[in-house]
Each structure stands twice: as structure tokens, then as C-alpha cells.
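# Architecture and fold: a report
Residues per chain, in single letters:
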Amino acid sequence: MDSNEPPHYRISRIARELEAKGLDIIHMEIGDPELDTDKRIIDAMYRAALEGYTHYGFSQGLPELRDAIAEYLNSKLDTDLDRDNICLTPGGKVAIYLTLRLLNKKRIGVLEPIWGLYHSFSKVIDLEVVSIRSEFENRWIPTDEEIRKFGETDIISLVNPSNPTGTILPKETIDKIVEIASEKGGYIVADELYFDLTYGKTRFTSFLEYDYDNTISIFSFSKNFAMTGFRVGFIASTSKDLITRFARYMRLVLGGVPPFIQFAALEALNNKDIIERNRKFYKEQTRYLMNELKKLGFRMVEPEAGIYLFPKVPEGIDGIEFVEKLLTLGRVAVSPGTGFGDYPDFVRFTTALKKEKLEEAVKRIRHTLEEMV
Ligand SMILES: Cc1ncc(COP(=O)(O)O)c(C=O)c1O
């Protein structure tokens, strides 16, 4: 087995092996919303392909699309970005990987729990990882002492709103992180993919709102527009120089996002009602599952954004064993907390599934727990 394989990828692989043997599995381990992509987006992609947008081109991104993205960010955030602050990427994952490669540093601080790919990418490119922990008991907000550890690193990385916890960091925490970074001129890689899928009380604060140029923010069309298979995302930075360097690198390695996909992304941004509809779905599904899991003895901080829950397993249950049993006995795949840092008592559930599927999952979870006590 590949040692860089994140634990939730491993669970997903085993789940697919079980499916190949004829078992029906409910997938809650991967964040792929059970929503169809809006037809207007698909039509725009098809139209663009028929119009001949099937060649190389727009490696930094179609100018009108970058304008639309800058305008969208400016409308949601306290920013003044334009097209030169944006570079399109084939999804958020590649954006993170190429950013870390481009920065070419030695030590990365990751705010845990964190989406496991940060650990995997760091391993692949030989970055030494410094874990900055946050705790359930502190509502997943890092203490000042932990935040200070970021000062020992060259790159600060975090996911806000968080995958897996759905927490939004308060502005005071972001202020402190920017201050630590600026003391040494360190870089900040802020994964802000879930910024427009918020439904809690805390206002989202972007790192792009600060007068600190060594920052790259990561975004994607995957979840807000339910376009995971399109593979389209982007990075934004207040530093146009960083964007230019990144765009050159993107061109060298990937040549850009396929033009017809970029036209689909442009159509998506011209129809923001889609985000509102999807956000409502995510909120409702997350709330439903949260309430059902609480009834079963799971404890969690109520998420304020995104499509996940990260509860602590009920008292007396072993987290790792629960994940294994839930898959083999309950036929529900979830991600173990160890995929996000050292959190063996926690489990991540993807909530963006249709109601009937969530109801069935709850039944299976209940049954598995009954078998385990
Ligand atoms: C925090 C975070 N960053 C990046 C990604 C990657 O998204 P994309 O589909 O755009 O590659 C995900 C996907 O789940 C994510 O949760």
C-alpha cells in the first residue's frame, strides 16, 4: 500500500472493493455532494465546445472568468481584487500542490484537524510538518500558545471554514495568525474553499482582506456549484507577482483548465442562485444528521459551514474500531479522525447526501453501535 494514501482514501478503496462483491455501501467518506450539476452549466460547456473552444488557451484563465471571480470575491469579502489577482486551476487539490511546490520551503505548520491531503502533499514534496492542534473542548479554536508555534514554520496552512469540523475561525484568531506570519515574512496558504457555504453566526474573514501579500487563498467550484467532476478551481492573492509566478508554473505543468470547462465556470458565476440552493441543501442535511447523531450519543461542535460533521464517538466506543465495523458490518464508509491529525476518537461524516440515504445511514450507524456495546 502507498504510505501517502490518506486514511479516508483507504476506506474508500476498501468500500469499492466491497461494492465490487455486490454489497451496497453508503459513501460518507468523500466530500462529493449528491447533487446534479445545474443544466445551465452543462449547456454552457457543450456550447463552448461546439463553438471551437477545444484548443489550448487561457492558461491563467479566461479574462472574463477572472473578472467574474474577482467581482464575486469583492462582493462577498472586504477586498479589491481584479483579474490579475486570480489564476484558474484544475480544482483545489492541484492548486494546493502547485502552491506548495512553487513556494519551495522546508517547514509547514498545519492547523489540525485538517483535511488529510495537506499531510499527504507535504510528505510527497518532503516538507517537514509542524502540527498546530486545536481541540474539541476549545470549540476547535487554537490557543495562543499553539498559534505561536506557527512562528517556527515557513508556511502556515489552514482550512477555514474547516474541513472537517465546519468551524469558522473568529477574526481575532486570523489577526493573530497574520501577525505571526508577518513577523518572519512567512507564507500563508489559506484554503477558503467553503467560504460561501456558511450558515452559522460567525462572520467569515478571509486572509485576502489583510494587507499581507505573502498569502495564497485556495478556492474551487466543486462544492458551492456541485461541480466536483469538472475539476475547476482557482487561487487568489493580493500579490500579483505571486499570481504571475504561479500562472507561469501552471502553464508549464498543466497548460491551464480546459477552455470549455472555463466557460462552464463562467456560466456558474452568472447564476449565483445555484450556490444559494446548494447551500440550503447542505445546511439542512448537516443539521438533520447532526441531530440524529446526537441522539445516538455522538458529541460535536455545531458546524457553521460546509458539508461535514466531525463528532466524537459515543462514550465507551473505540473510534478506529467503529470506522472499520461501520464499513464491514453497517456498510457505511466514513473517515477516521486519524486522517485529520491525531484524533482517534473522532469520525468525519459527509452530510451532502439525499435525505433517504441519510436516514438509511442513521439506521445502519445505530445498528453498528448496538453490535459494538
Ligand atoms: C479543504 C479542501 N480543499 C481542497 C479540496 C479539493 O477540492 P477540488 O475538488 O477542487 O480539488 C477539498 C475537497 O474536498 C477540500 O475539502
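For the structure given in this document, a descriptive report is provided here. Counting from 1, residues in each chain are numbered in the order their sequence is written. Residue-level local features of this predicted model are given only where pLDDT is at least 70; pairs of side-chain atoms are given and counted only at 80 or more, and the full residue set underlies all totals for whole chains, interfaces and linings. By convention in this description, side-chain values take in all heavy atoms of the structure and omit both hydrogens and water.

## Brief notes about the overall build of the protein chain
We count a stretch as a helix when DSSP gives it H or I for four or more residues in a row; a strand needs E for two or more, and each element gets its number in order from the N terminus. Counting its regular elements, the protein chain contains 12 helices and 12 strands. For a compact globule the rule gives 2.2 Å times the number of residues to the power 0.38, and the radius of gyration it is set against comes from C-alpha atoms. The C-alpha atoms of the protein chain give a radius of gyration of 20 Å, which matches the 21 Å a tight globule of 373 residues would have. Taking the principal axes of its C-alpha atoms as reference, the protein chain extends roughly 60 × 50 × 40 Å. To sort residues, take the accessible area from a 1.4 Å probe on protein chains only and compare it with the maximum for the residue type: under 20% means buried, over 50% means exposed, and anything in between is partly exposed. Sorting the 373 residues of the protein chain into buried and exposed places 58% on the buried side. Excluding contacts between residues fewer than 6 apart, the proportion of contacts in the protein chain whose partners are at least 24 apart in sequence is 75%. Residues count as neighbours in contact if any of their non-hydrogen atoms are within 4.5 Å of one another.

## A few points about the environment of arginine 287
As for its placement among the helices and strands, arginine 287 is situated in helix H10 (residues 273-295). Arginine 287 sits 15 residues away from glutamate 302 along the chain, and the two C-alpha atoms are 8.5 Å apart. When residues no more than four places from it in sequence are discounted, the contact partners of arginine 287 are Tyr199, Glu302 and Pro303. Only 3.5 Å separates the side chain of arginine 287 from the backbone oxygen of tyrosine 199, close enough to count as a polar contact. As used in this structure description, the phrase polar contact means that two N or O atoms lie within 3.5 Å; if the pair is within protein, one of them must be able to donate a hydrogen and the other to accept it, and residues adjacent in sequence are counted only when both atoms belong to side chains.

## Thoughts on the pattern of salt bridges
When charged atoms on two side chains of opposite charge get close, those side chains can pair. Note on definitions: salt bridges are taken to be side-chain nitrogens of Lys or Arg within 4 Å of carboxyl oxygens of Asp or Glu. Taken as a whole, this structure holds 26 salt bridges when the rule is applied. The partner of arginine 331 in a salt bridge is aspartate 24, with the nearest N and O atoms 2.6 Å apart. Of this pair, arginine 331 sits in the loop between helix H11 (319-328) and strand E10 (332-333) while aspartate 24 sits in the loop between helix H1 (7-20) and strand E1 (26-27); the two residues are 307 residues apart in sequence, bridging distant segments of the chain. Here aspartate 24 falls in the partly exposed class, since its relative accessible area comes to 41%. Between lysine 149 and glutamate 146 there is a salt bridge; the shortest N-O distance is 3.3 Å. Here glutamate 146 and lysine 149 lie together in helix H6 (residues 144-149), a separation of 3 residues that amounts to about one turn. Using a relative accessible area of 27% as the deciding quantity, one classes lysine 149 as partly exposed. Through salt bridges with shared partners, a single ionic network connects Asp24, Arg331, Glu360, Lys363 and Arg364.

## What about the site of the ligand?
Not every one of the 15 residues close to the ligand is listed here, only the nearest: Gly92, Asp191, Ser220, Ser222 and Lys223. Side-chain polar atom of serine 222 to an oxygen atom of the ligand: 2.7 Å apart, as the coordinates give it. At 2.7 Å from an oxygen atom of the ligand is found a side-chain nitrogen or oxygen belonging to arginine 231. For the ligand, the protein covers 94% of the area, taking 400 Å² as the surface of the free molecule. Looking at which element gives the most residues to the shell around the ligand, the answer is helix H4 (residues 92-103), with 3 residues. Taken together, the residues of the shell around the ligand break down into 6 nonpolar, 5 polar and 4 charged. Put simply, a residue is near a molecule or strand once any heavy atom of it comes within 4 Å of that molecule or strand. Computed with a 1.4 Å probe, the accessible areas rest on the Shrake-Rupley method; for each residue, only the protein chains presented here act as cover. Only Asp, Glu, Lys and Arg are considered charged in this grouping, and only Ala, Val, Leu, Ile, Met, Phe, Trp, Tyr, Cys and Pro are considered nonpolar; every other residue, Gly among them, is considered polar.

## Looking at the packing of aromatic side chains
The criterion for an aromatic pair is that two Phe, Tyr or Trp rings (for Trp, the six-membered ring) have centres within 6.5 Å, with stacked assigned to planes under 30 degrees apart, edge-to-face to planes over 60 apart and tilted to the rest. Applying the stated criterion to the full structure yields 23 aromatic pairs. Each ring, one from tryptophan 140 and one from phenylalanine 346, has its centre 5.3 Å from the other, and the planes form 70 degrees; the classification is edge-to-face. Of this pair, tryptophan 140 sits in the loop between strand E4 (128-133) and H6 while phenylalanine 346 sits in the loop between strand E11 (335-336) and strand E12 (347-350), and the two are 206 residues apart along the sequence. You'll find tryptophan 140 and phenylalanine 346 in the same group, each marked buried. Ring geometry for phenylalanine 221 versus phenylalanine 225: centroids 5.6 Å apart, planes at 25 degrees, classification stacked. Each member of the pair, phenylalanine 221 together with phenylalanine 225, is buried.

## A few points about helix H5 (residues 117-124)
Among all positions in H5, only Leu117, Tyr118, Ser120, Phe121 and Ser122 are buried. Buried-residue contacts for H5 involve H1, H4, strand E3 (107-112), E4, strand E5 (155-159) and strand E6 (187-191).

## Considerations on the sheet that holds strand E7 (residues 215-220)
Two strands form a pair only when DSSP identifies at least two bridges running between them. Read across the sheet, 7 strands follow the order E2-E8-E7-E6-E5-E3-E4 without closing on themselves; strand pairing throughout is mixed. The strands lining the two open edges of the sheet, one partner per strand, are strand E2 (86-89) and E4. This sheet shows a mean twist of 20 degrees between the axes of neighbouring strands, independent of strand direction. Note: E7 against strand E8 (residues 233-236), 4 bridges, orientation antiparallel. Paired with serine 220 across the bridge in E8 is glycine 233. Along the sheet face, helix H8 (residues 240-253) touches E2, E6, E7 and E8 and points at about 25 degrees away from the line of E2. Angles run from 0 to 180 degrees between N-to-C directions of axes, and those axes are lines fitted to C-alpha atoms, restricted for helices to the stretch in contact.

## Here we look at the nonpolar core
Ranked by size, the top nonpolar core spans 45 residues in total, and within it Leu65, Ile69, Leu73, Phe221, Phe225, Met227 and Val232 carry the most contacts. With 7 residues, helix H9 (residues 259-269) is the single largest residue contributor to this core. Residue ranges for the domains originate in an automatic or database domain assignment. Structurally, this core is a two-domain feature, drawing no fewer than three residues from each of domain 1 (7-30 + 274-372) and domain 2 (41-271). With sequence-adjacent residues up to four places away left out, valine 232 is seen in contact with Leu88, Thr89, Pro90, Gly91, Ser220, Phe221, Ser222, Met227, Val257, Ile261 and Ala265. To form a nonpolar core, buried Ala, Val, Leu, Ile, Met, Phe, Trp, Tyr and Cys residues must be joined to one another through side-chain atoms within 4.5 Å. In terms of nonpolar packing, the next biggest core, distinct from the first, is built from 32 residues, Met290, Phe298, Ile317 and Met372 among them.

## Let's talk about the sheet that holds E12
With antiparallel pairing, 3 strands are arranged side by side in an open sheet as E9-E12-E11. Each edge of the open sheet is held by one strand with a lone partner, namely strand E9 (308-309) and E11.

## Remarks on the packing of H4 against H5
Remark: H4 packs on H5, axes separated minimally by 10 Å, with the N-to-C direction vectors making an angle of 40 degrees. Classed by the angle they form, the pair H4 and H5 counts as oblique. Crossing of H4 against H5: the hand is right-handed. Between H4 and H5, the residues in contact are Lys93, Ile96, Tyr97 and Leu100 and Leu117, Tyr118, Phe121 and Val124, respectively. Note on terminology: angles under 35 degrees are roughly parallel, angles over 145 are roughly antiparallel, angles of 65 to 115 are roughly perpendicular, and the others are oblique. By definition, turning the near helix anticlockwise from the far helix through less than a right angle yields a left-handed crossing, and turning it clockwise yields a right-handed one.

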